[in-house]
Amino acid sequence: MPVASLGIDLGTTNTKVALVSLDASAVRVHAVATAPTPEPRDLGAVLATLVREVLAGAAPPDAVGIASMAETGVPLAADGTPIGGWLRWTGHRAGAEADALADRLGWAHLVAATGVRPSAKVPLATWAWLQTHRPEVWDAMSRWAGVADLAAFVLTGRLITDHTLAGRTMAYRLPATAEAPPTAFDDDLLAEVGLRPYHLPAVTSEPVAVTGFAGLRDGTPVVVAGHDHAVGAYACGVREPGDVADSLGTAEAVLTVVAGEPDPVAAGRAGMSVVLTVGGRYRAVLAGQSSAGAAVEWWLANEAAGVTREELFADLPDGPTGVLVLPYVRGRQTPAPDPAARPRVVGREPAHGRAVLAKALLEGLSLHTRWMLDEQARIAGGTGAPAVFLFGGAVAGNPDWTRIKAQVLPGTLRVVPAAEPVAVGAALLAAVRAGLVGPPGPALTTEPAPAGAKPYDDMYDRFVRAAQENG
């Protein structure tokens, strides 16, 4: 008999709730509800509304899973009340504190220990920033909750998190070998900012029970499924060494699962991270680039003012344009990190019209994806051209982008057409961890992207040279 499971995905912009049914071989999405991601004090009310919407006419689910963006959270008072709004990963507030931690502890030491590069967005630096810049909040803070952690607290009264979210804080150590993920944040790293593990959520994959949340049965198992990119990859079947996921939305994240233990310092120098997969058995190399869908929005505002998205990508020409667009709206995180990198068009001529330049933008974004994949393969010791599983909000909305990406990437591209794969992955992981479906559970269906010829090798070489020379 199929299991009904509810998945929650708390993203930077929107929160999605999906009701799915699943058995040993298939996942089926029955309903999805969406709302703008609220500030912490309104989270319970918004979740209650979305849960009622997706469960209209349906029985309460057998399990609930929660995924969210990483590196975002909120201080909690002693009674569990949020103090202020989200301290978001996009805030760029704690750069000086990150640099100070790296100077004091050693940049390479921090990266080797945690897999994470010191940066303005990591919570360890944010906590140091709070001490200096918001002492009244710091003094009132009893605990800290990440986004998914607070959602679980609202549903259950228990403050828990998953190792994939803990691993983005720079206060959680990678295991020394391929073993079970640690079950607590690191004492020594937290001591650097005056915290102890009891200030943070418990790190666990074990379910906790719903308590007094309208629309859900008391006792329903709830899990924090993990970091949204990792959870979406799991839903798509990216679970074993050699599997590769491409999460495409406002930003883009590429994740390659590896069998061994890639060097975190080498990954860090390339602007990437070494993380544990949601299953905890393997490590993965994770690369992120903020200029994906954001670059399209930038182009519409700066290069094609007054043109709609549909008009911008209408009647694109055949074949490579030869025009290089370096799509770095807010710097380049990886490869060859360069925070000063900005959008640049190389090879533009007066005869190039809107359609040529619009296609060049999609080519540039796809060429950058190939560069990330090549660097990941180098760090992970991979060979060949792996299949890449593509999912995310930008996939369904732009088939031209998918087609160009399939021609640019050296291997095959498989597209996940299901709506809200992160919410679906959260529901799937909840059912697996609650013992309702045998591990690893089913995966979403995928479709091969039509690629045809792959004529972009020369353009790729020129793109990488131009990016390294000009930022």
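For the structure itself, look to the data block above.
Bear in mind the structure is a predicted one, so any value in this text is a computation, not a measurement. (Residues numbered from 1 in each chain as written. Predicted model: local features only at pLDDT ≥ 70, side-chain atom pairs only at ≥ 80, totals over all residues. Heavy atoms only, no water.)

> Mind showing me how you'd approach the overall build of the chain here?
Counting its secondary structure elements, the chain contains 17 helices and 19 strands. Along the first, second and third principal axes, the C-alpha set of the chain runs to 65 × 55 × 45 Å. Scored against the burial criterion, the 471 residues of the chain give a buried share of 57%. Counted over contacts in the chain with a minimum sequence separation of 6, partners at least 24 positions apart contribute 72%. (Helix = DSSP H or I, 4+ residues; strand = E, 2+ residues; numbered from the N terminus. Buried < 20%, exposed > 50% of the residue type's maximum accessible area, 1.4 Å probe, protein only. Contact = heavy atoms within 4.5 Å.)

> Even after reading the chapter, I still don't get the sheet that holds strand β18 (residues 413–415), so can you show me in this structure?
One key point about sheets: their strands pair by backbone hydrogen bonds, in either a parallel or an antiparallel sense. The strand order across the open sheet formed by seven strands is β13-β14-β12-β11-β17-β18-β19, and the pairing between neighbours is mixed. Of all strands in the sheet, those with a lone pairing partner are β13 (273–276) and β19 (447–448), marking the two edges. (Pairing = 2+ DSSP bridges.)

> What am I meant to see in the packing of helix α2 (residues 95–105) against helix α3 (residues 107–114) here?
Two numbers describe a pair of packed helices, the interaxial angle and the distance between the axes. α3 packs onto α2 with a crossing angle of 95° between their chain directions and a minimal axis gap of 6 Å. The orientation of α2 with respect to α3, classified from their angle, is roughly perpendicular. Each of Leu-101, Ala-102 and Leu-105 in α2 lies in contact with α3, whose residues at this interface are Trp-107, His-109 and Leu-110. Class assignment of the residues belonging to the contact of α2 with α3 gives a composition of five nonpolar, one polar and no charged. (Axes fitted to C-alpha atoms, helices over the stretch in contact; angles between N-to-C directions. Parallel < 35°, antiparallel > 145°, perpendicular 65-115°, else oblique. Nonpolar A, V, L, I, M, F, W, Y, C, P; charged D, E, K, R; others polar.)

> Teacher, can you tell me more about the side chain of Arg-239 here?
Along the chain, Arg-239 falls in the loop between α9 (228–235) and β11 (244–248). Despite its burial, Arg-239 pairs with no opposite charge, the nearest such side chain being Asp-243 at 7.2 Å. Here the side chain of Arg-239 touches Pro-440 through a polar contact of 3.4 Å, landing on its backbone oxygen. Polar side-chain contacts of Arg-239 include one of 2.7 Å to the backbone oxygen of Gly-441. (Lys, Arg positive; Asp, Glu negative; His and termini not counted. Salt bridge = Lys/Arg side-chain N within 4 Å of Asp/Glu carboxyl O. Polar contact = N/O pair within 3.5 Å; in protein donor to acceptor, adjacent residues only side chain to side chain.)

> Before we go on, may I ask you to explain the packing of aromatic side chains in this structure?
In this description, a pair of aromatic rings is defined by centroid distance and the angle of the planes. The final tally for this structure, using the stated rule, is four aromatic pairs. Ring geometry for Trp-127 against Trp-144: centres 5.6 Å apart, planes inclined by 80°, an arrangement best described as edge-to-face. With Trp-127 in helix α4 (residues 123–133) and Trp-144 in strand β6 (residues 143–146), this pair connects stretches of sequence that are 17 residues apart. Judged by its relative accessible area of 5%, Trp-144 is buried. Considering the side-chain rings of Trp-298 and Trp-299, the 6.4 Å spacing of their centres and the 55° angle between planes classify their relative orientation as tilted. (Phe/Tyr/Trp six-rings, centres within 6.5 Å; stacked < 30°, edge-to-face > 60°.)

> Just checking my understanding: could you explain the environment of Val-345 for this structure?
Mapped onto the elements of the fold, Val-345 is located in strand β16 (residues 344–346). Judged by its relative accessible area of 21%, Val-345 is partly exposed. For the pair formed by Val-345 and Pro-327, sequence separation is 18 residues and the distance between their alpha carbons is 8.6 Å. If sequence neighbours within four positions are ignored, Val-345 has contacts with Trp-299, Val-323, Leu-324 and Val-325.

> Would you mind showing me how to read the packing of α9 against helix α16 (residues 421–433) here?
Closest axis-to-axis distance for the α9/α16 pair is 7 Å, and the angle between their directions is 75°. Accordingly, the angle class assigned to the pair α9 and α16 is roughly perpendicular. In contact with Asp-228, Val-231, Gly-232, Tyr-234 and Ala-235 of α9, α16 contributes Pro-421, Val-422, Gly-425, Ala-426, Leu-428 and Leu-429. When the residues that make up the contact of α9 with α16 are grouped by side-chain class, the tally is eight nonpolar, two polar and one charged.

> I would appreciate a short explanation of α16 in the present structure.
Along an α-helix, residues three or four positions apart point the same way, because every turn accommodates 3.6 residues. In this model α16 runs 18 Å from its N-terminal to its C-terminal C-alpha over 13 residues, within 8% of the 18 Å that 1.5 Å per residue would give. Phi turns positive, to about 80°, at Gly-435, one or two residues after α16. (Expected span 1.5 Å × (residues − 1).)

> How should I be thinking about α3 in this particular structure?
Among all positions in α3, only Leu-110, Val-111, Ala-113 and Thr-114 are buried. Considered in projection along α3, the buried side chains sweep an arc of 165° and stay on one side of the axis. The secondary structure elements touched by the buried residues of α3 are α2, α8 (187–191), α10 (264–269) and β13. Positioned one or two residues after α3, Gly-115 has a phi angle of 80°, which is positive. (Arc of directions from axis to C-beta.)

> What should I look at first to understand the nonpolar core in this one?
One recurring pattern in soluble globular proteins: nonpolar side chains tend to sit buried together. Membership of the largest hydrophobic core comes to 59 residues, with the highest contact counts inside it found for Trp-401 and Phe-463. The leading source of residues in this core is helix α13 (residues 354–380), at 13 residues. Excluding its chain neighbours within four sequence positions, the residues that come into contact with Trp-401 are Leu-248, Ala-292, Gly-293, Val-296, Leu-362, Leu-365, Ser-366 and Ala-394. Core analysis: the next-biggest nonpolar cluster, separate from the first, contains 39 residues, Ile-8, Leu-165, Val-222 and Val-224 among them. (Core = buried A, V, L, I, M, F, W, Y, C linked by side-chain atoms within 4.5 Å.)

> Can you walk me through the environment of Thr-446 in this structure?
As for its placement among the helices and strands, Thr-446 is situated in the loop between α16 and β19. When the C-alpha positions of Thr-446 and Lys-359 are compared, they lie 25 Å apart, and in sequence the two are 87 residues distant. Beyond its immediate stretch of four places on either side in the chain, Thr-446 contacts Cys-236, Phe-389, Arg-414, Val-415, Val-416 and Pro-417. Reaching out from Thr-446, the side chain makes a polar contact with the side chain of Arg-414 at a distance of 2.7 Å.

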